[in-house]
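# An overview of the molecular structure
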Amino acid sequence: MSSNTKKLTGKVAVVTGASKGIGASIARHLAAEGASVVVNYASSREGADRVVAEITGKGGRAVAVQGDVAQKSDVERLFAETKKTFGALDILVNNAGIYVGVPVGQITEEHFRRHFNLNVLGVILATQEALKYFGPEGGSIVNISSVVSTLSPAGMGVYNATKSAVDGLTRTFAKELGPRKIRVNSVSPGPVETEGTRAAGVIEQFQAYAALTPLGRIGQPDDIASAVVFFASADSVWITGESLCVCGGFHG
Ligand code: NAP
């Protein structure tokens, strides 16, 4: 694709949790459209370096920055590094998240805090910090939610609650930030095969969902990334506060 047909030439993007899975694919897709990308990770330095090497190997611009997005000081450092490296900020993708399913009787305070600290507080902290760096042209924030917030499967109470919170934050922040030309939308993936879902041992269960899915298969990270590019780019310039399910039509 020649540079003049790319959708994100000259833009700078931060993708949280981009060392693997959906976040890694989002980073690659944004870079393929011309964005300079900050590949955030918590502990997988090797994975983040691999994503950066793939991007730069194709002539793109990317850098890996470690940071736990549930920690305010790490988030401050993440965005300061972004500014130092690429000089601006136009796109934030709040992707980092965890999902451990436990039934109501087994929910512990630790389980609750771990999920809410990353999946909800992490979104708030990254959004707050991004607001210090978006320029007068505004920007785009894309939150990665989940179909769990509408499907509400048994055994996923806390995870469902975190993603329902993300949907609420998306709508409210869209109203607050519209006057600054900052759009806030969310993408809600259905079951997607990633390092995380493979490690959780849920792929077999996901394959059973394929039978209930109009498009007849579970998702791959690239399926989600192309929707994120849409919300990050001017193709969605008059869309804010919306949530898009990218799930092959699987609504339970
Ligand atoms: P994944 O394969 O487990 O990857 C998670 C990513 O998040 C990794 O890059 C990981 O980095 C990073 N991360 C974890 N804790 C972090 C922290 N405290 N600070 C910064 N980064 C952190 O996950 P995934 O399956 O791609 O899911 C990504 C997002 O999509 C999540 O928000 C999830 O809820 C959502 N989602 C997934 C599915 C699905 O079926 N996969 C469906 C719906 C929604 P390290 O490796 O360095 O720890």
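Here the structure is a predicted model, which means the values were calculated and not measured. (Residues numbered from 1 in each chain as written. Predicted model: local features only at pLDDT ≥ 70, side-chain atom pairs only at ≥ 80, totals over all residues. Heavy atoms only, no water.)

### Re helix H1 (residues 21-32)
Quick note on the threshold: Comment: elements are numbered from the N terminus, with helices defined as DSSP H or I runs of at least four residues and strands as E runs of at least two. One less than the number of residues in a helix, times 1.5 Å, gives the span that helix is expected to have. Note on exposure labels: buried denotes an accessible area under 20% of the residue type's maximum, exposed denotes more than 50%, and partly exposed covers the range between, all computed with a 1.4 Å probe on protein chains only.
Compared with an ideal rise of 1.5 Å per residue, which puts twelve residues at 16 Å, H1 spans 17 Å between its outermost C-alpha atoms and is within 8% of the ideal. Across the twelve residues that make up H1, a large majority, nine, are buried. Here H1 has its buried residues at Gly21, Ile22, Gly23, Ala24, Ser25, Ile26, Ala27, Leu30 and Ala31. Remark: Gly34 follows H1 within two positions and exhibits a positive phi of approximately 105 degrees.

### Some details on the environment of Gly122
As a reminder of what qualifies: Two residues qualify as a contact provided that any one of their heavy atoms is within 4.5 Å of a heavy atom in the partner residue.
Among the structural elements, Gly122 can be located in helix H4 (residues 109-131). Given a relative accessible area of 3%, Gly122 falls into the buried group. Spatially, the C-alpha atoms of Gly122 and Ala96 are 8.1 Å apart, while their sequence positions differ by 26 residues. Non-local contacts of Gly122, meaning those with residues more than four positions away in its chain, are made with Val69, Asn94 and Asn117.

### Side note on the site of the ligand
Cut-off, in case you're wondering: We define proximity as follows: a residue is near a molecule or strand when any one of its heavy atoms falls within 4 Å of that partner. Think of a polar contact as two N or O atoms within 3.5 Å of one another; within protein, one of them needs to be a possible hydrogen donor and the other a possible acceptor, and neighboring residues in sequence only count if both atoms come from side chains. Note on areas: these come from Shrake-Rupley sampling with a 1.4 Å probe, and a residue is covered only by the protein chains present in the view.
Taken together, 33 residues form the shell around the ligand, and within it Ser43, Ser44, Tyr99, Tyr159 and Thr194 come nearest. At a separation of 2.7 Å, an oxygen atom of the ligand approaches a polar side-chain atom of Lys20. In the model, an oxygen atom of the ligand is placed 3.0 Å from a nitrogen or oxygen of the Lys163 side chain. When the ligand is considered free in solution it has 910 Å² of accessible area, and contact with the protein chains removes 91% of it. Sort the elements by how many residues they give to the shell around the ligand and helix H7 (residues 195-199) lands first, with three residues.

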